[in-house]
Amino acid sequence: MDTIILLGAPGAGKGTLAEGVRAATDFIHVSTGDMLRAAIKAGTSTGLEAKAFMEKGELVPDEVILRIVRERLAQGKATDRYMFDGFPRTLEQARGLDETLAELNGRVNQVFLLEVPTPVIVSRLSGRRICKSCGAVYHVTNIPSKVEGVCDQCGGPLYQRPDDSEETVLNRLEVYQRQTASLIDFYETKGVLVRINAGTTPRDATAELLSKLA
Ligand code: ADP
Ligand code: ZN
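Here's a quick rundown of the structure. (Residues numbered from 1 in each chain as written. Chains lettered and ligands numbered in written order. Predicted model: local features only at pLDDT ≥ 70, side-chain atom pairs only at ≥ 80, totals over all residues. Heavy atoms only, no water.)

Topic: the overall build of the protein chain
What counts, and what does not: A run of DSSP states H or I qualifies as a helix once it reaches four residues; a run of E qualifies as a strand once it reaches two. Both are numbered from the N-terminal end. In this setup the radius of gyration rests on C-alpha atoms only. A globule is expected at 2.2 Å times the number of residues raised to 0.38. Only protein chains enter the accessibility calculation, which uses a 1.4 Å probe; a residue is then buried when its area is under 20% of its type maximum, exposed when over 50%, and partly exposed in between. Whether two residues are in contact is decided by their heavy atoms: any pair within 4.5 Å suffices. For the purpose of counting charges, residues Lys and Arg are taken to be positive, whereas Asp and Glu are taken to be negative. His and the chain ends are not included. Taken as the charge location is NZ of Lys, CZ of Arg, CG of Asp or CD of Glu.
Broken down by element type, the protein chain carries nine helices and eight strands. Here the protein chain has a C-alpha radius of gyration of 17 Å; the compact-globule value for 214 residues is 17 Å, and the two agree. Its C-alpha atoms give the protein chain principal-axis dimensions of about 50 × 40 × 30 Å. Relative to its full complement of 214 residues, the protein chain shows a buried share of 46%. Across the protein chain, the fraction of contacts at a sequence separation of at least 24, relative to all contacts at a separation of at least 6, is 69%. Positive and negative side-chain charges in the protein chain, numbering 26 and 28 respectively, have mean positions lying 3 Å apart.

Comments concerning the coordination of the zinc ion (ligand 2)
Note the cut-off: Distances up to 2.8 Å from the metal define which N, O and S atoms are donors, and 3.2 Å serves for Na, K and Ca; water is absent from the atom set, so sites may look incomplete. Here a site with four donors is tetrahedral if all angles are between 85 and 135 degrees, and a site with four or six donors is square planar or octahedral if opposite donors are over 155 degrees apart and the other angles are between 65 and 115; anything else gets the irregular label.
Every protein donor of the zinc ion (ligand 2) is accounted for by Cys131 (SG), Cys134 (SG), Cys151 (SG) and Cys154 (SG), and the metal-donor separations fall at 2.3 to 2.4 Å. Coordination geometry of the zinc ion (ligand 2): the four donor atoms subtend angles of 101 to 115 degrees at the metal centre, consistent with an arrangement described as tetrahedral. Mapped onto the polypeptide sequence, the residues donating to the zinc ion (ligand 2) form the spacing pattern C-x2-C-x16-C-x2-C.

Comments concerning the site of ligand 1
Under the convention used in this document: Consider each residue's heavy atoms; a residue with any of them within 4 Å of a molecule or strand counts as near. Counting of polar contacts relies on pairs of N or O atoms within 3.5 Å, with two restrictions inside protein: one atom must be capable of donating a hydrogen and the other of accepting it, and residues adjacent in sequence are counted only when both atoms are side-chain atoms. Accessible areas in this description were obtained via Shrake-Rupley with a 1.4 Å probe; residue shielding takes into account the shown protein chains only. Classification used: nonpolar for Ala, Val, Leu, Ile, Met, Phe, Trp, Tyr, Cys and Pro, charged for Asp, Glu, Lys and Arg, polar for all others including Gly.
The full set close to ligand 1 counts 20 residues, and Thr32, Arg37, Glu58, Gln93 and Arg172 are the nearest of them. Within the backbone of glycine 86, an N or O atom sits 2.9 Å from a nitrogen atom of ligand 1. Protein contacts shield 96% of the accessible area of ligand 1, which totals 540 Å² for the unbound molecule. When residues of the shell around ligand 1 are assigned to their parent elements, the largest contribution, four residues, is made by helix H2 (residues 32-42). Among the residues making up the shell around ligand 1, the classes are represented as seven nonpolar, five polar and eight charged.

Some remarks on the sheet that holds strand E2 (residues 28-31)
Strands belonging to one sheet form pairs held by backbone hydrogen bonds; the direction of such a pair is parallel or antiparallel. Formally: Should DSSP find at least two bridges between two strands, the strands are taken to pair. To define axes, lines are fitted to C-alpha atoms, for helices over the stretch in contact only, and angles between the resulting N-to-C directions are given on a 0 to 180 degree scale.
Taken in spatial order, the five strands line up as E2-E3-E1-E4-E8 in an open sheet, and their pairing is parallel. Edge positions in the open sheet fall to E2 and strand E8 (193-197), since each of these has one partner strand only. Taken over all neighbouring pairs, the strand axes of this sheet differ in orientation by 25 degrees on average, direction set aside. Where helix H9 (residues 202-212) meets the sheet, its contacts fall on strand E1 (2-7), strand E4 (107-115) and E8, and the angle it forms with E8 comes to roughly 155 degrees.

Digging into the layout of surface pockets
Quick note on the threshold: Here the term cavity refers to a set of points on a 1 Å grid, laid over the protein atoms alone, in which a 1.4 Å probe fits but cannot get out; the term pocket refers to an open set having protein on both sides within 12 Å along at least five of seven lines, with lining residues being those that place an atom within 4 Å of a point. Grid points are joined across faces, edges and corners, and a volume is the space filled by probe spheres set on the points.
Here the second largest pocket defines a volume of roughly 210 Å³. In this structure, the second largest pocket is lined by 15 residues; those nearest its centre are Ala9, Val116, Ile121, Tyr176 and Gln177. Those elements giving two or more residues to the lining of the second largest pocket turn out to be E4, helix H6 (118-126) and helix H7 (166-180). Looking at side-chain class alone, the lining of the second largest pocket contains ten nonpolar, three polar and two charged residues.

Here's the deal with the packing of aromatic side chains
Note the cut-off: The pairing test for Phe, Tyr and Trp rings, Trp by its six-membered ring, is centres within 6.5 Å, and the orientation test on the planes gives stacked under 30 degrees, edge-to-face over 60, and tilted for anything in between. A positively charged side chain is recorded as over a ring if its NZ (Lys) or CZ (Arg) lies within 6 Å of the ring centre. The angle to the ring normal must also be within 35 degrees.
On inspection of all chains with the given rule, the structure shows three aromatic pairs. Between phenylalanine 186 and tyrosine 187 the ring centres are 5.0 Å apart and the planes differ by 85 degrees, which places this aromatic pair in the edge-to-face class. Side by side, phenylalanine 186 and tyrosine 187 carry an identical accessibility label, which is buried. Linked through ring pairs, Tyr82, Phe84 and Phe87 together constitute an aromatic cluster. Above the face of the phenylalanine 27 ring, arginine 81 is positioned so that its terminal group lies 4.3 Å from the ring centre.

A short note on the nonpolar core
The line we're drawing: Take the buried Ala, Val, Leu, Ile, Met, Phe, Trp, Tyr and Cys residues and link them wherever side-chain atoms come within 4.5 Å; each set so joined is a nonpolar core.
Ranked by internal contacts, the top residues of the largest apolar core, which has 52 residues, are Phe84, Leu97 and Tyr187. When residues of this core are assigned to their parent elements, the largest contribution, six residues, is made by helix H4 (residues 62-74). If you look at the next biggest cluster of nonpolar residues, it comprises five residues, including Ala136, Tyr138, Cys151 and Leu158.

Observations concerning the environment of glycine 149
By secondary structure assignment, the location of glycine 149 is in the loop between strand E6 (137-139) and strand E7 (158-159). The exposure class assigned to glycine 149 is partly exposed, which follows from its relative accessible area of 34%. Glycine 149 sits 43 residues away from glycine 106 along the chain, and the two C-alpha atoms are 44 Å apart. For glycine 149, the contacting residues outside a window of four places in its chain are Gly156, Pro157 and Leu158.

Laid out in structure tokens, this is it:
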């Protein structure tokens, strides 16, 4: 079971890049953020556990995250190739992933660090808008919809993710520095870290990543 990881601050463009990589390869995209939002929408016990943390921009407890990732991988096949987006986010999660993959004869092949200057991140997140019906992602100035507040693809209403408000964005960046940035050393020491300039356009960043994919 081969796996790659997209690592980077919130707003680095993990979701957008993941979509580009998914379309060009056979990697299966696993986003813990999307899984948690789906759990909240479905009203499951995991969703109830996660909701308050997410609204504040705090991390959901490691045991909850490791459980949903293990459940997901247990449904997979040995030949599957996974691309994680937004996971792992703590050393504890990274160690948990290593243990799980060891049981499945898998490994972390490459970890792509998406590097973006902080001011770019803040503007990307606070301007991000999402279609309530189809999930398409817009930005008030960078990727505006043709009609303000209305999705180009399906006509659905656009909204701001509750954790994209400016206050919560600043907290999420602090949480990234405090809890997730240590993963850079962890994976660099293992020799699997690959740096990507993600402050450009989604197209350029995706092309750079694909050219560095082993
Ligand atoms: P972003 O990368 O833009 O913050 P995500 O959708 O990846 O967006 O995450 C949104 C929120 O979901 C996080 O702020 C956190 O509360 C929760 N979350 C997602 N993945 C994890 C994880 N691996 N560990 C802990 N919390 C997570
Ligand atoms: Zn839509």
